[in-house]
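Here is how the chains run, residue by residue.
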Amino acid sequence: MKINEKNTAITVNSLNLWYGDNHSLKDVSIDIHNNQITAIIGASGCGKSSFLRCLNRMNDLIDNIKIDGEIIIKNKNIYDKDVDECAVRKYVGMVFQQPNPFPKSIYNNVAYAPIKHLMVKKGSACDDLVEESLQKANLWDEVKDKLHSPGTALSGGQQQRLCIARTIAIKPNIILMDEPTSALDPISTEKIEALMLELKQEYTIIIVTHNMQQASRVADYTVFFHLGDLVEYDKTKNIFLNPHQQQTEDYITGRFG
Ligand SMILES: Nc1ncnc2c1ncn2[C@@H]1O[C@H](COP(=O)(O)OP(=O)(O)O)[C@@H](O)[C@H]1O
Ligand SMILES: [Mg+2]
């Protein structure tokens, strides 16, 4: 077992997921490395988002879902009965495809969860946390003079960095990103990619992407899924330059998917 290795952030053992009769993740096992970017690629419907949502128990609310197997984070299976799923979601933050700021000010988008979780009180400690989080998300300089205007008034790329700031503010260790740039223009995409490379110093990042160039630009490791199976997992350069599985090669060369 590698779960005690310092460089493993998440160990997934024999994860299976069904939506009703639809067996959507099939016996997936993987160790995700700490402080690295891991990209998940594969054709639409192969289970990428379902897999990502298992990692912070975001699937719990879906009706008629069955999940078995283990996901071990900090030596504990997050599906054990005594685990508080809110604590899991605090440790494992998530950024979605569509930037989804709350209908609140920029400041309150970042401050809302830390105040709710009693991590800070309103006032200067909160101001500091808001600034630090916006700085880390490379957004501070663009918004410092308009912290009280609505988050939704920012551009799409800024909104996505605001969502990243909001995620960082609750001090997660792991950040999941489900196609975080697919709704953004190329310049905003480049900014988010540069940001991910900075953030991996401090966080473990797992990103689902449709864009294979993006995976090869940012990811240290890449996972290829096909119809619910984890087909191949390796250093990104091996996946793209020297894949071992025919299905991986077919996908990355555009022969299907
Ligand atoms: N909430 C849901 N309820 C029922 N089926 C779902 C749900 N979400 C995803 N699925 C099904 O699970 C499979 C994997 O979907 P998904 O994880 O969204 O794939 P991807 O993100 O790779 O496109 C698909 O067959 C999809 O239709
Ligand atoms: Mg998806």
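This text goes with the structure placed above it.
Values in this document were obtained by computation on a predicted structure and should not be read as measured data. (Residues numbered from 1 in each chain as written. Chains lettered and ligands numbered in written order. Predicted model: local features only at pLDDT ≥ 70, side-chain atom pairs only at ≥ 80, totals over all residues.)

Caption draft 1: The arrangement of the sheet that holds strand β4 (residues 65-73) in detail. Strand order across the open sheet formed by four strands is β2-β1-β4-β5, with antiparallel pairing between neighbours. Each of the sheet's edge strands pairs with one partner strand only, and the pair in question is β2 (22-33) and β5 (76-77). Of the pairings in the sheet, the one linking strand β1 (residues 8-19) to β2 comprises eight bridges and is antiparallel in character. Looking across to β2, one finds that Thr8 is bridged to His33. (Pairing = 2+ DSSP bridges. Helix = DSSP H or I, 4+ residues; strand = E, 2+ residues; numbered from the N terminus.)

Caption draft 2: Expanded view of the site of ligand 1. Around ligand 1, the neighbouring residues are Tyr19, Asn22, Ser24, Gly42, Ser44, Gly45, Cys46, Gly47, Lys48, Ser49, Ser50 and Ile62. Contributions of two or more residues to the shell around ligand 1 are made by β2 and α1 (48-54). Sorting elements by how many residues they give to the shell around ligand 1 places α1 first, with three residues. Of the residues in the shell around ligand 1, the class split is three nonpolar, eight polar and one charged. (Near = placed C-beta within 6 Å. Nonpolar A, V, L, I, M, F, W, Y, C, P; charged D, E, K, R; others polar.)

Caption draft 3: Summary view of the nonpolar core. Among the nonpolar cores identified, the biggest contains 68 residues, and Ile40, Ile71, Ala165, Leu176 and Ile205 are the most heavily contacted of them. Sort the elements by how many residues they give to this core and helix α6 (residues 156-169) lands first, with six residues. Excluding residues that lie within four positions of it along the chain, Leu176 makes contacts with Leu52, Leu55, Asn56, Val92, Gly93, Met94 and Ile206. (Core = buried A, V, L, I, M, F, W, Y, C linked by C-beta atoms within 7 Å. Buried ≥ 20, exposed ≤ 12 C-beta atoms within 10 Å, placed from the backbone. Contact = placed C-beta atoms within 7 Å.)

Caption draft 4: Fine view of the packing of helix α4 (residues 124-136) against α6. Interaxial distance between α4 and α6 falls to 8 Å at its minimum, and their mutual angle equals 125°. Between α4 and α6, the angle is such that the two are oblique. The two elements α4 and α6 meet at a crossing, and its hand is right-handed. Contact residues: Leu129, Ser133, Leu134 and Lys136 in α4; Ala165, Ile168 and Ala169 in α6. Partitioning the contact of α4 with α6 into residue classes produces five nonpolar, one polar and one charged. (Axes fitted to C-alpha atoms, helices over the stretch in contact; angles between N-to-C directions. Parallel < 35°, antiparallel > 145°, perpendicular 65-115°, else oblique. Left-handed = near helix turned anticlockwise from the far one by under 90°.)

Caption draft 5: Structural detail: the environment of Leu134. Its place among the elements puts Leu134 in helix α4. Classification of Leu134 by C-beta neighbours within 10 Å gives buried; the count is 27. Remark: the alpha-carbon pair of Leu134 and Thr236, spanning 102 residues in sequence, is separated by 30 Å.

Caption draft 6: Examining unusual backbone geometry more closely. In the Ramachandran plot, Lys74 falls in the positive-phi region, its phi being about 50° despite a non-glycine side chain. Inspection of the secondary structure assignment puts Lys74 in the loop between β4 and β5. For Lys171, which is not a glycine, the phi torsion comes out positive at approximately 55°. Residue Lys171 is classed as partly exposed on the basis of its C-beta count, with 16 C-beta atoms lying within 10 Å.

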